[in-house]
Amino acid sequence: MPPIIVAQQLGKTYRSGKIETHALRDATFTIDRGEFVAIVGPSGSGKSTLFYLLGGLTRATGGSVTIDGVDFSSLSDAERTRKRGQKIGFIFQRFNLLPTLTARGNVELAHSIADNGQPLDQNLLHHLAELLRIENRLDNRPSELSGGEQQRVAIARALITRPAIILADEPTGNLDTENSETVLEMLRHASKEMGQTVLMITHNPEAAAIADRILYVRDGRLHDAPPPPRESRKSLIGSLLAG
Ligand SMILES: Nc1ncnc2c1ncn2[C@@H]1O[C@H](COP(=O)(O)OP(=O)(O)OP(=O)(O)O)[C@@H](O)[C@H]1O
(Lines give C-alpha, C1' and ligand atoms only; values in the text may rest on other atoms or scores of the structure.)
Protein backbone atom coordinates (compact mmCIF):
# COMPACT_ATOMS: atom_id res chain seq x y z
CA MET A 1 0.00 0.00 0.00
CA PRO A 2 1.34 3.45 -0.82
CA PRO A 3 2.17 5.70 2.14
CA ILE A 4 -0.70 7.89 3.30
CA ILE A 5 1.48 10.98 3.66
CA VAL A 6 4.26 11.86 1.24
CA ALA A 7 6.20 15.03 1.95
CA GLN A 8 8.88 16.20 -0.48
CA GLN A 9 11.22 18.98 0.59
CA LEU A 10 8.34 20.52 2.46
CA GLY A 11 9.14 23.95 3.86
CA LYS A 12 7.59 26.96 5.47
CA THR A 13 9.22 30.35 5.82
CA TYR A 14 7.41 33.11 7.68
CA ARG A 15 8.21 36.62 6.57
CA SER A 16 7.51 39.76 8.55
CA GLY A 17 9.19 42.81 7.03
CA LYS A 18 12.80 41.87 6.39
CA ILE A 19 12.82 39.11 8.93
CA GLU A 20 12.54 35.55 7.67
CA THR A 21 11.95 32.60 9.96
CA HIS A 22 12.58 29.20 8.43
CA ALA A 23 10.10 27.36 10.59
CA LEU A 24 10.43 24.12 8.57
CA ARG A 25 13.04 23.25 5.97
CA ASP A 26 13.30 20.51 3.37
CA ALA A 27 11.23 17.95 5.20
CA THR A 28 11.14 14.77 3.12
CA PHE A 29 9.39 11.79 4.66
CA THR A 30 6.58 9.29 4.25
CA ILE A 31 4.08 7.98 6.76
CA ASP A 32 2.34 4.63 6.37
CA ARG A 33 -1.32 3.88 6.91
CA GLY A 34 -2.05 2.94 10.50
CA GLU A 35 1.24 4.30 11.84
CA PHE A 36 1.18 6.05 15.22
CA VAL A 37 3.78 8.81 15.05
CA ALA A 38 4.84 11.14 17.85
CA ILE A 39 6.31 14.49 16.87
CA VAL A 40 8.69 15.79 19.52
CA GLY A 41 11.21 18.61 19.79
CA PRO A 42 12.05 21.75 21.75
CA SER A 43 9.81 24.81 21.86
CA GLY A 44 9.95 26.82 18.63
CA SER A 45 11.49 23.95 16.65
CA GLY A 46 8.69 23.79 14.05
CA LYS A 47 6.30 21.11 15.33
CA SER A 48 3.13 23.21 15.06
CA THR A 49 4.20 24.43 11.64
CA LEU A 50 4.52 20.83 10.48
CA PHE A 51 1.10 20.07 12.01
CA TYR A 52 -0.56 22.99 10.17
CA LEU A 53 1.06 21.96 6.89
CA LEU A 54 -0.04 18.34 7.24
CA GLY A 55 -3.55 19.45 8.17
CA GLY A 56 -3.83 21.75 5.17
CA LEU A 57 -4.34 24.66 7.58
CA THR A 58 -1.51 26.66 6.06
CA ARG A 59 0.24 26.67 2.69
CA ALA A 60 3.81 25.51 2.24
CA THR A 61 6.32 28.01 0.90
CA GLY A 62 8.40 25.17 -0.55
CA GLY A 63 8.04 21.54 -1.58
CA SER A 64 4.81 19.55 -1.45
CA VAL A 65 2.73 17.24 0.66
CA THR A 66 0.21 14.69 -0.52
CA ILE A 67 -2.38 13.40 1.93
CA ASP A 68 -4.14 10.17 1.01
CA GLY A 69 -3.45 10.83 -2.66
CA VAL A 70 -4.58 14.48 -2.59
CA ASP A 71 -2.20 17.35 -3.14
CA PHE A 72 -3.77 19.94 -0.86
CA SER A 73 -1.81 22.81 -2.37
CA SER A 74 -3.66 22.40 -5.70
CA LEU A 75 -7.18 22.76 -4.20
CA SER A 76 -9.40 25.82 -3.88
CA ASP A 77 -10.05 26.99 -0.30
CA ALA A 78 -13.59 25.53 -0.30
CA GLU A 79 -12.44 22.19 -1.67
CA ARG A 80 -9.56 22.08 0.80
CA THR A 81 -11.94 22.63 3.72
CA ARG A 82 -14.18 19.79 2.53
CA LYS A 83 -11.31 17.37 1.89
CA ARG A 84 -9.79 18.26 5.24
CA GLY A 85 -13.11 17.50 6.93
CA GLN A 86 -13.29 14.13 5.19
CA LYS A 87 -9.73 12.97 5.58
CA ILE A 88 -8.46 14.51 8.80
CA GLY A 89 -9.70 14.58 12.38
CA PHE A 90 -8.16 17.24 14.61
CA ILE A 91 -7.64 17.11 18.35
CA PHE A 92 -6.24 20.15 20.14
CA GLN A 93 -4.77 20.77 23.57
CA ARG A 94 -7.51 23.29 24.38
CA PHE A 95 -10.29 21.03 23.02
CA ASN A 96 -11.73 23.83 20.78
CA LEU A 97 -15.35 22.78 21.14
CA LEU A 98 -17.95 25.32 20.05
CA PRO A 99 -19.41 26.69 23.30
CA THR A 100 -22.94 27.31 21.99
CA LEU A 101 -23.46 23.72 20.82
CA THR A 102 -24.00 20.64 22.94
CA ALA A 103 -21.49 17.80 22.84
CA ARG A 104 -23.72 16.04 20.31
CA GLY A 105 -24.02 19.27 18.29
CA ASN A 106 -20.24 19.57 18.12
CA VAL A 107 -19.93 16.01 16.82
CA GLU A 108 -22.76 16.54 14.29
CA LEU A 109 -21.17 19.73 13.01
CA ALA A 110 -17.90 17.92 12.21
CA HIS A 111 -19.92 15.36 10.27
CA SER A 112 -21.77 18.01 8.27
CA ILE A 113 -18.56 19.93 7.43
CA ALA A 114 -17.09 16.74 5.99
CA ASP A 115 -20.14 16.70 3.67
CA ASN A 116 -19.52 13.17 2.44
CA GLY A 117 -23.13 12.56 1.43
CA GLN A 118 -23.74 9.98 4.17
CA PRO A 119 -26.13 10.43 7.09
CA LEU A 120 -24.47 10.58 10.49
CA ASP A 121 -23.66 7.05 11.58
CA GLN A 122 -25.67 6.82 14.82
CA ASN A 123 -24.16 3.40 15.60
CA LEU A 124 -20.66 4.84 15.38
CA LEU A 125 -21.66 7.80 17.56
CA HIS A 126 -23.11 5.40 20.13
CA HIS A 127 -20.00 3.19 20.01
CA LEU A 128 -17.61 6.15 20.39
CA ALA A 129 -19.69 7.68 23.20
CA GLU A 130 -19.56 4.36 25.03
CA LEU A 131 -15.82 3.88 24.56
CA LEU A 132 -15.19 7.46 25.63
CA ARG A 133 -17.67 7.29 28.52
CA ILE A 134 -19.66 10.35 27.40
CA GLU A 135 -23.04 8.67 26.70
CA ASN A 136 -24.67 10.70 29.46
CA ARG A 137 -22.99 13.96 28.57
CA LEU A 138 -24.03 14.32 24.92
CA ASP A 139 -26.77 16.87 25.62
CA ASN A 140 -24.55 19.13 27.71
CA ARG A 141 -22.68 22.19 26.51
CA PRO A 142 -18.87 22.31 26.87
CA SER A 143 -19.08 24.71 29.85
CA GLU A 144 -21.01 21.99 31.72
CA LEU A 145 -18.30 19.37 31.13
CA SER A 146 -15.01 18.66 32.88
CA GLY A 147 -11.76 19.11 30.93
CA GLY A 148 -11.41 15.36 30.49
CA GLU A 149 -14.99 15.06 29.24
CA GLN A 150 -14.47 17.94 26.81
CA GLN A 151 -11.40 16.24 25.38
CA ARG A 152 -13.30 12.96 25.07
CA VAL A 153 -16.07 14.80 23.15
CA ALA A 154 -13.34 16.36 20.96
CA ILE A 155 -12.09 12.85 20.21
CA ALA A 156 -15.58 11.68 19.26
CA ARG A 157 -15.82 14.73 17.00
CA ALA A 158 -12.49 13.84 15.38
CA LEU A 159 -13.43 10.18 14.83
CA ILE A 160 -17.07 10.49 13.70
CA THR A 161 -16.08 11.03 10.06
CA ARG A 162 -13.80 7.94 10.14
CA PRO A 163 -10.86 10.10 9.03
CA ALA A 164 -7.86 8.38 7.50
CA ILE A 165 -5.60 10.63 9.57
CA ILE A 166 -5.87 11.97 13.09
CA LEU A 167 -3.76 15.01 13.93
CA ALA A 168 -3.44 15.66 17.64
CA ASP A 169 -1.63 18.70 19.03
CA GLU A 170 -0.66 18.09 22.67
CA PRO A 171 -3.90 16.16 23.27
CA THR A 172 -2.96 15.37 26.87
CA GLY A 173 -1.46 18.79 27.64
CA ASN A 174 -4.38 19.93 29.80
CA LEU A 175 -5.34 16.61 31.33
CA ASP A 176 -4.59 14.66 34.50
CA THR A 177 -2.99 11.22 34.37
CA GLU A 178 -6.22 9.22 34.21
CA ASN A 179 -7.75 11.30 31.42
CA SER A 180 -4.41 11.32 29.57
CA GLU A 181 -4.38 7.53 29.64
CA THR A 182 -7.91 7.37 28.22
CA VAL A 183 -6.97 9.72 25.40
CA LEU A 184 -3.78 7.80 24.56
CA GLU A 185 -5.59 4.46 24.67
CA MET A 186 -8.19 5.82 22.28
CA LEU A 187 -5.53 7.08 19.86
CA ARG A 188 -3.77 3.75 20.00
CA HIS A 189 -7.10 1.98 19.40
CA ALA A 190 -7.70 4.22 16.37
CA SER A 191 -4.29 3.29 14.97
CA LYS A 192 -4.17 -0.42 15.81
CA GLU A 193 -7.83 -1.48 15.60
CA MET A 194 -9.22 1.00 13.07
CA GLY A 195 -6.12 1.34 10.85
CA GLN A 196 -6.13 5.12 11.17
CA THR A 197 -2.90 7.06 10.97
CA VAL A 198 -2.20 9.13 14.07
CA LEU A 199 0.26 12.01 14.32
CA MET A 200 0.61 13.50 17.75
CA ILE A 201 2.70 16.44 18.90
CA THR A 202 3.69 15.92 22.50
CA HIS A 203 6.02 17.13 25.23
CA ASN A 204 5.07 14.16 27.36
CA PRO A 205 7.58 11.26 27.33
CA GLU A 206 4.89 8.81 28.48
CA ALA A 207 2.79 9.77 25.47
CA ALA A 208 5.69 9.63 23.00
CA ALA A 209 6.71 6.22 24.34
CA ILE A 210 3.51 4.56 23.10
CA ALA A 211 4.03 5.68 19.49
CA ASP A 212 5.39 3.33 16.79
CA ARG A 213 7.76 5.98 15.54
CA ILE A 214 9.15 9.28 16.69
CA LEU A 215 9.83 12.25 14.46
CA TYR A 216 12.16 14.70 16.08
CA VAL A 217 12.09 18.35 14.98
CA ARG A 218 14.99 20.65 15.77
CA ASP A 219 15.62 24.10 14.29
CA GLY A 220 13.08 23.43 11.55
CA ARG A 221 14.68 20.15 10.50
CA LEU A 222 13.07 16.78 10.81
CA HIS A 223 14.84 13.63 11.94
CA ASP A 224 13.61 10.11 12.53
CA ALA A 225 14.66 9.38 16.09
CA PRO A 226 16.45 6.00 16.25
CA PRO A 227 14.06 3.25 17.36
CA PRO A 228 15.23 2.73 20.94
CA PRO A 229 14.96 -0.53 22.87
CA ARG A 230 11.65 -0.49 24.74
CA GLU A 231 13.12 -0.17 28.23
CA SER A 232 15.24 2.88 27.39
CA ARG A 233 12.58 4.60 25.30
CA LYS A 234 11.29 6.90 28.00
CA SER A 235 14.70 8.19 29.08
CA LEU A 236 15.80 8.68 25.47
CA ILE A 237 12.59 10.50 24.63
CA GLY A 238 12.99 12.55 27.81
CA SER A 239 16.43 13.72 26.65
CA LEU A 240 15.11 14.57 23.16
CA LEU A 241 12.30 16.58 24.68
CA ALA A 242 14.78 18.48 26.85
CA GLY A 243 16.47 19.50 23.61
N1 LIG B 1 2.82 33.14 12.11
C2 LIG B 1 4.14 33.20 12.35
N3 LIG B 1 4.87 34.27 11.93
C4 LIG B 1 6.20 34.33 12.15
N5 LIG B 1 6.92 33.36 12.76
C6 LIG B 1 6.25 32.28 13.20
C7 LIG B 1 4.83 32.13 13.03
N8 LIG B 1 4.44 30.95 13.57
C9 LIG B 1 5.56 30.38 14.07
N10 LIG B 1 6.65 31.16 13.84
C11 LIG B 1 8.04 30.86 14.19
O12 LIG B 1 8.39 29.63 13.56
C13 LIG B 1 9.22 28.84 14.42
C14 LIG B 1 8.56 27.49 14.64
O15 LIG B 1 7.35 27.69 15.38
P16 LIG B 1 6.36 26.50 15.78
O17 LIG B 1 5.13 27.13 16.38
O18 LIG B 1 6.18 25.62 14.62
O19 LIG B 1 7.21 25.75 16.93
P20 LIG B 1 6.80 24.56 17.94
O21 LIG B 1 7.86 23.53 17.85
O22 LIG B 1 5.40 24.15 17.70
O23 LIG B 1 6.88 25.31 19.36
P24 LIG B 1 6.10 25.05 20.76
O25 LIG B 1 6.54 23.69 21.26
O26 LIG B 1 6.61 26.16 21.64
O27 LIG B 1 4.63 25.14 20.46
C28 LIG B 1 9.40 29.65 15.71
O29 LIG B 1 10.64 30.34 15.59
C30 LIG B 1 8.23 30.60 15.68
O31 LIG B 1 8.56 31.80 16.36
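What you see is a predicted model, and the numbers here were worked out from it, not measured in a lab.

Reading guide: rules and limits
Residues numbered from 1 in each chain as written. Predicted model: local features only at pLDDT ≥ 70, side-chain atom pairs only at ≥ 80, totals over all residues. Heavy atoms only, no water. Buried < 20%, exposed > 50% of the residue type's maximum accessible area, 1.4 Å probe, protein only. Helix = DSSP H or I, 4+ residues; strand = E, 2+ residues; numbered from the N terminus. Pairing = 2+ DSSP bridges. Core = buried A, V, L, I, M, F, W, Y, C linked by side-chain atoms within 4.5 Å. Contact = heavy atoms within 4.5 Å. Near = heavy atom within 4 Å. Polar contact = N/O pair within 3.5 Å; in protein donor to acceptor, adjacent residues only side chain to side chain. Nonpolar A, V, L, I, M, F, W, Y, C, P; charged D, E, K, R; others polar.

**Details of the pairing of strand 9 (residues 213-218)**
Residues in a regular strand project their side chains so that they alternate between the two faces of the sheet. Burial analysis of strand 9 places five of its six residues in the buried class, which makes it a mostly covered element. Where strand 3 (residues 36-40) lies against strand 9, four bridges are found, and the strand directions are parallel. Bridging across to strand 9, V40 finds its partner in Y216. Pairing geometry for strand 9 and strand 10 (residues 221-224), over four bridges, is antiparallel. Pairing of V217 across the sheet is with L222, part of strand 10.

**A word on the nonpolar core**
Generally speaking, nonpolar side chains in soluble globular proteins are found buried as a group. Within the largest apolar cluster, 41 residues are counted, with the highest numbers of intra-cluster contacts made by L128, I160 and L187. Among all residues touching I160, those that are not within four sequence positions of it are V107, A110, H111, L120, D121, L124, L125 and L128. Judged by nonpolar contacts, the second largest core, of 28 residues, contains F51, L199, L215 and L222.

**Points about the site of the ligand**
Contacts to the ligand come from Y14, T21, A23, P42, S43, G44, S45, G46, K47, S48, T49 and H203. One nitrogen or oxygen atom from the main chain of G46 is found 3.0 Å from an oxygen atom belonging to the ligand. Within the side chain of T49, one N or O atom sits 2.6 Å away from an oxygen atom of the ligand. Of all elements in the fold, only strand 2 (19-31) and helix 1 (47-54) reach the threshold of two or more residues within the shell around the ligand. Per-element tally for the shell around the ligand: the top contributor is helix 1, with three residues. Looking at the shell around the ligand residue by residue, the class counts come to three nonpolar, eight polar and one charged.

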